[in-house]
Amino acid sequence: MIEVRGLTKRFGGVTAVGDVEFTVGDGERLALFGPSGGGKTTVLRLIAGLERPDAGEIVVDGVLVSRKGVMVPPHQRRLGFVFQAPTLWPHMTVAQHVMFGLNGMRKTDANRRLKALLARTALTGLEARYPAELSGGQARLVALARTLAPSPKHLLLDEPLANLDPELKERLLDVIDETLEGEGCSLLYVTHEAREGARLAARVLRLENGRLTGDVRPEEERR
Amino acid sequence: MMDAETSLRATPDANPWRWVARGLFALLVFGPLVALGAAVAQGVATRGVSALAVMLPSARQLVLFANSLALALAVGASATLIGVLCASALWSWRSRAGRRLRWLLLVLVPVPPYVHALAWSLVGRGLDGWLALPGLPLDGWAASWWVHTMAFAPIGVAFALVGLEGVEPAMMAAARLLRPDGTSLVRVGLPLAGPSLAAGAGLLVVFSLADYSVPSLFHVNVYAVEIFAEYSASNDAAAAFLLAWPILVIAMAVVLASQSLVREAAMRRPRREQTWAVPPRLPAWLRWCQRGGLFLLALQILVPLVTLVSLTTTWHNFVAAAISARQEIAFTAWVGVLAAAVSVPLGLAVAPALGSATRSPRWWWALAMMPLAVPAPLVGIGLVTIWNHSAMPPVYGTWLMPVLAAIARFAPLAAIALLAQVRRLDPALVDAARIIEGSRARVWRRIVFPLVAPGLAVAAVIVLALTAGELGATLIVAPPGSATLTLRIYNFLHYGATETVGGLCLVMTALVAGTGALGALAVFTGSRIRWGGPA
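If you're wondering where the values come from, they're calculated on a predicted model, not measured in any experiment. (Residues numbered from 1 in each chain as written. Chains lettered and ligands numbered in written order. Predicted model: local features only at pLDDT ≥ 70, side-chain atom pairs only at ≥ 80, totals over all residues. Heavy atoms only, no water.)

**A look at the overall build of chain B**
Tallying secondary structure elements over chain B gives 25 helices and zero strands in all. When burial is assessed residue by residue, chain B has 54% of its 535 residues classed as buried. Counting contacts in chain B only where the partners sit at least 6 residues apart, residues at least 24 apart contribute 83% of the total. About 22,700 Å² of surface is accessible on chain B, with carbon and sulfur atoms providing 68% of the total. (Helix = DSSP H or I, 4+ residues; strand = E, 2+ residues; numbered from the N terminus. Buried < 20%, exposed > 50% of the residue type's maximum accessible area, 1.4 Å probe, protein only. Contact = heavy atoms within 4.5 Å. Areas by Shrake-Rupley, 256 points an atom, 1.4 Å probe, with all protein chains shown as cover.)

Dropping the structure here:
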């Protein structure tokens, strides 16, 4: 479970996130939706340990990971994070991207995990390709497979389908949906489109000007 | 906001003066090389292919070249290693003041290597007398390697820092979420900065290969000195040019291979987001290595400063040295100011062509980068070949010769420095001004000039500082009875270290570092302007 309590982050004199509180239960799917610049990405970065909070705390699976004076390093939080852009490393192949997060695993197990993930994300056969040799949709799936490799308990997705055409977006949403089902991890999905959030999540929260302003009913948005 | 390519494409090139300036740039920068090529052609025409015999090196020259190359490779490797260690530490400085101050660590970059040679040889002798360390290399190849490494280390740091700063923060964040920070740095950060590191290492090899001032002070013969010696002995420009071919080939290959990287770095817009909003946790061994690198960088700054101050002993000696060299200081300043006054406008005319997407900037880049690969003595010899001719105006033997040498060597750097500034100038701002204000001159004065002024200042500072320390070409073209400060110091150095030499080196360091600090101030002032067009 991810517990966010009184989370506040300021940049200079601007409050990007102010006193935000919510929880994501094990296996739960929650979407954060709101206009651009509303603080959604900052919330995810704070949870992932890429930013320090100015106030409040974050607890992941009962462990306090962020508070003023307490910072558990990002890789020890067992969280997966997919960024808005695929952020693939140009010097690594698809297989190397996935294997990067499988450190410490026996080679045979790591290879098995690689194959399973590539199959799940429809990337089989592309193992040896470099990012420059992938389409936009494939690159996003590689980013997802890389994130899922170490079997995170919770997945944070920061508008991972931004700037894709609607048809491809639908197809990738299906793949993400199936992958999450198979991996059994909980989801915190950030988007500025309520419909997109509702498509994946059971609960949608609205974040505006750094503050939670209420719930959105997913079933209404899906219509 | 327009994108980069559109922005440069939209920069009007219809101005005929710009093309005149570009022609003049090509003439001044490439004239010496063209003259040397013509001298070779003339030699072949009169003496046949036997004129090319000098290209076949003797056994002694081959050994000398192999040794010089080994020295240069060792310097490239060690200075790059120091650069990587220091830059990886400086990269994670987060406060705004710290991020600015770290560039001041590079303030001694333009200080000529022979100043470092003097300082380190004094330290070596002091250590030898004090500790009586057996086998301390006070002379020879090892001493040359150490001093070259120290003198060029800031260049390694600069390239490594530019490379690491160019790594997209999200790329590092993606790695940090999966693996510890040390692994992320080694497996993701450094490979992504690899092209910059390789370009820096390549240029360090070239600089070390072309410099003979330090090895000669440590009684080591290097291949670069052969060019100078050949010309002094035979006065044959073509022979000197042909003899330099191994250095030219290596240097050209390195410089041309790194041109795309330098172009990318010059055209990169500054990032607003930080990579290390949460500071990295690196393994202890890596932190110690970084401290070691920073310690060496600090030594690189402190040893010359402290040694020169202690050699000068008193303020009175410093003032006396400055007064005794007032003519040389004035001459140096005069040459530097004139070189900057010509190089900066020419660089401003060439800079848009370097970034142009429509007019094949590759040619301009090759032209701009190539002078960096030419050993300085060849530039001097080429200038003598042009101007020491009865058909030419009486420029040879005048103060104009060092100015022309400085322009030939450093105007391309001014153009590259200005590209970074011109690149950020949104043409929409100029168009908006033109709608209101009809006069092209007034738009330039009120809109364009304030926006490119920091770049002009930086380019001028680069030319000034490098001209002050220029030795290789000036040694050949300096007019009789006049010398730059660097020439006076270099001549004095061969007679040993005295308080006068210490004072002169201190004056030189103060001049160069002061000019560098002015440049840094210009950059900081410029960075307060938010680039990228209308908010």
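Next, the rest of the story.
**A word on unusual backbone geometry**
Residue and element names in this part refer to chain A. Backbone geometry at D61 places phi at a positive 50°, although glycine is not the residue there. Positionally, D61 belongs in the loop between β4 (55-60) and β5 (63-67). Its relative accessible area of 33% is what places D61 among the partly exposed residues. For E159, which is not glycine, the phi torsion reads 40° and is therefore positive. Mapping E159 onto the fold places it in the loop between β8 (154-158) and α5 (166-183).

**Things to note about the confidence of the model for chain B**
Residues and elements named next belong to chain B. Across chain B, the average pLDDT comes to 83, with 90% of residues at 70 or higher. Considering only residues more than four positions removed or in separate chains, one finds that residues 1-12, a stretch of pLDDT under 50, has 28 contacts. Below pLDDT 50 for its whole length, residues 530-535 participates in 15 contacts with residues either more than four positions away or in separate chains. The ipTM, which scores confidence in the relative placement of chains, is 0.89 for this predicted complex, and the corresponding pTM is 0.83. (pLDDT = per-residue confidence, 0-100.)

**A look at a nonpolar patch on the surface**
All names here are of chain B. Taken together, the side chains of L127, W130 and L131 make up a nonpolar region of the molecular surface, amounting to roughly 360 Å² of accessible area. Here L127 lies in helix α5 (residues 113-131). Overall, L127 belongs to the partly exposed group, its relative accessible area being 30%. (Patch = residues over 30% accessible without salt bridge, like charges linked within 9 Å, V, L, I, M, F, W, Y side chains within 5 Å. Salt bridge = Lys/Arg side-chain N within 4 Å of Asp/Glu carboxyl O.)

**Section: the pattern of salt bridges**
In this structure the tally under the stated criterion is 20 salt bridges over all chains. Salt-bridge contacts for B:D181 lead to B:R176; the nearest nitrogen and oxygen are separated by 2.9 Å. When salt bridges that share partners are traced, they join A:E3, A:R5, A:E57 and A:R67 into one network.

**Brief notes about the environment of B:W245**
Residues and elements named next belong to chain B. Tracing the backbone shows W245 in helix α13 (residues 245-257). Residue classification places W245 among the partly exposed positions, given a relative accessible area of 34%. A C-alpha to C-alpha distance of 28 Å links W245 and R22, two positions 223 residues apart in sequence.

**Details of the packing of helix α2 (residues 16-47) of chain B against helix α17 (residues 326-355) of chain B**
The packing of two helices is summarised by the inter-axis angle and the distance between the axes. Residues and elements named next belong to chain B. Where α2 meets α17, the closest approach of the two axes is 9 Å, and the angle between their N-to-C directions is 110°. Judged by the angle between their axes, α2 and α17 are roughly perpendicular. Here the hand of the crossing between α2 and α17 comes out left-handed. Packed against α2, whose contacting residues are R18, A21, R22, L24, F25 and L28, the element α17 presents V342, L346, A349, V350, P352 and A353 at the interface. Taken together, the residues that form the contact of α2 with α17 break down as 10 nonpolar, no polar and two charged. (Axes fitted to C-alpha atoms, helices over the stretch in contact; angles between N-to-C directions. Parallel < 35°, antiparallel > 145°, perpendicular 65-115°, else oblique. Left-handed = near helix turned anticlockwise from the far one by under 90°. Nonpolar A, V, L, I, M, F, W, Y, C, P; charged D, E, K, R; others polar.)

**Examining the interface of chain A and chain B**
Listed per partner, the contact involves 23 residues of chain A and 19 residues of chain B. Buried surface at the junction of chain A and chain B, both sides included, amounts to about 2,100 Å², of which 70% is carbon and sulfur. Considering only the surface of chain A that becomes buried against chain B, A:H75, A:W89 and A:F100 emerge as the three largest contributors, covering 29% of it. Taken together, the connections running from chain A to chain B amount to six residue pairs in polar contact (both at pLDDT 80 or more). Tallied by class, the residues present in the side of chain A that touches chain B amount to 14 nonpolar, six polar and three charged. (Buried area = accessible area lost by both parts, 1.4 Å probe. Polar contact = N/O pair within 3.5 Å; in protein donor to acceptor, adjacent residues only side chain to side chain.)

**So, the side chain of B:H148**
Along the chain, B:H148 turns up in helix α6 (residues 140-165). Those residues within four positions of B:H148 in sequence are excluded, and the remaining contacts are B:L71, B:V75, B:S208, B:D211, B:V214 and B:P215.

**Some remarks on the pairing of strand β7 (residues 79-82) of chain A**
Two faces make up the sheet, and in a regular strand the side chains alternate between them. Residue and element names in this part refer to chain A. Alternating residues of β7 divide into L79 and F81 and G80 and V82, and every residue in both groups is buried. Taken together, the four bridges between β7 and β8 define a ladder with parallel strand orientation. Within the sheet, the bridge partner assigned to G80 lies in β8 and is L155. (Pairing = 2+ DSSP bridges.)

**Digging into the packing of aromatic side chains**
Residue and element names in this part refer to chain B. Enumeration over the complete set of coordinates arrives at 10 aromatic pairs over all chains. The lysine or arginine in question, R22, covers the ring of W19, its NZ or CZ lying 4.5 Å from the ring centre. Sitting over the face of the ring of W288, R291 holds its NZ or CZ atom 4.6 Å from the ring centroid. (Phe/Tyr/Trp six-rings, centres within 6.5 Å; stacked < 30°, edge-to-face > 60°. Lys NZ or Arg CZ within 6 Å of the ring centre and 35° of its normal.)

**Considerations on the nonpolar core**
Residues and elements named next belong to chain A. Counting residues in hydrophobic clusters, the biggest one holds 200 residues, and the most contacted among them are F22 and I47. Once residues within four sequence positions are removed from consideration, F22 is found in contact with I2, E3, V4, L30, L32, V43, I47, L188, L205 and L212. Among the nonpolar cores identified, the runner-up in size contains 41 residues, and F33, V94, L134 and L161 belong to it. (Core = buried A, V, L, I, M, F, W, Y, C linked by side-chain atoms within 4.5 Å.)

**What about α13(B)?**
For α13(B), spanning 13 residues, the distance from its first C-alpha to its last is 18 Å, which sits close to the expected 18 Å at 1.5 Å a residue. Residues of α13(B) that are buried: B:P246, B:I247, B:L248, B:A251, B:V254 and B:V255. (Expected span 1.5 Å × (residues − 1).)

**Considerations on the environment of A:L114**
Residues and elements named next belong to chain A. The residue L114 is located in helix α3 (residues 107-120) in this model. Once the C-alpha coordinates of L114 and G56 are considered, the two residues, 58 residues apart in sequence, prove to be 38 Å apart. Among all residues touching L114, those that are not within four sequence positions of it are A95, V98 and M99.

**Here we look at the pairing of β5(A)**
Residues and elements named next belong to chain A. In this sheet, β5 lies alongside β4 in antiparallel orientation, the contact comprising three bridges. Among the inter-strand pairings, V60 is bridged to a residue of β5, identified as V63. Connecting β4 to the next strand, β5, in antiparallel fashion are two residues, including D61 with a positive phi near 50°. With two bridges connecting them, β5 and strand β6 (residues 70-71) associate as antiparallel partners. Residue pairing for β6: R67 is matched across the bridge by V70. Between β5 and β6, which pair antiparallel one after the other, the connecting turn spans two residues, and G69 there sits at a positive phi close to 95°.

**Quick look at the environment of A:R45**
All names here are of chain A. Mapping R45 onto the fold places it in helix α1 (residues 40-48). According to the relative accessible area criterion, R45 is buried, its value standing at 19%. Each C-alpha atom, one on R45 and one on A128, is 31 Å from the other, the two residues being 83 residues apart in sequence. Not counting the four nearest positions on each side in its chain, R45 is found in contact with L50, E51, F81 and F83.

**Regarding the side chain of A:E3**
Residues and elements named next belong to chain A. Looking at the secondary structure, you find E3 in strand β1 (residues 2-11). In this structure the side chain of E3 is engaged in a polar contact, spanning 2.6 Å, whose partner is the side chain of R5. Leave out the neighbours within four places in its chain, and E3 touches F22, T23, E57, I58 and V59.

**Focus on the sheet that holds β4(A)**
Sheet architecture is open: five strands sit in the order β2-β1-β4-β5-β6 (chain A), paired in antiparallel fashion. On the outer flanks of this sheet lie β2 (14-24) and β6 of chain A, each paired with one strand and no other.

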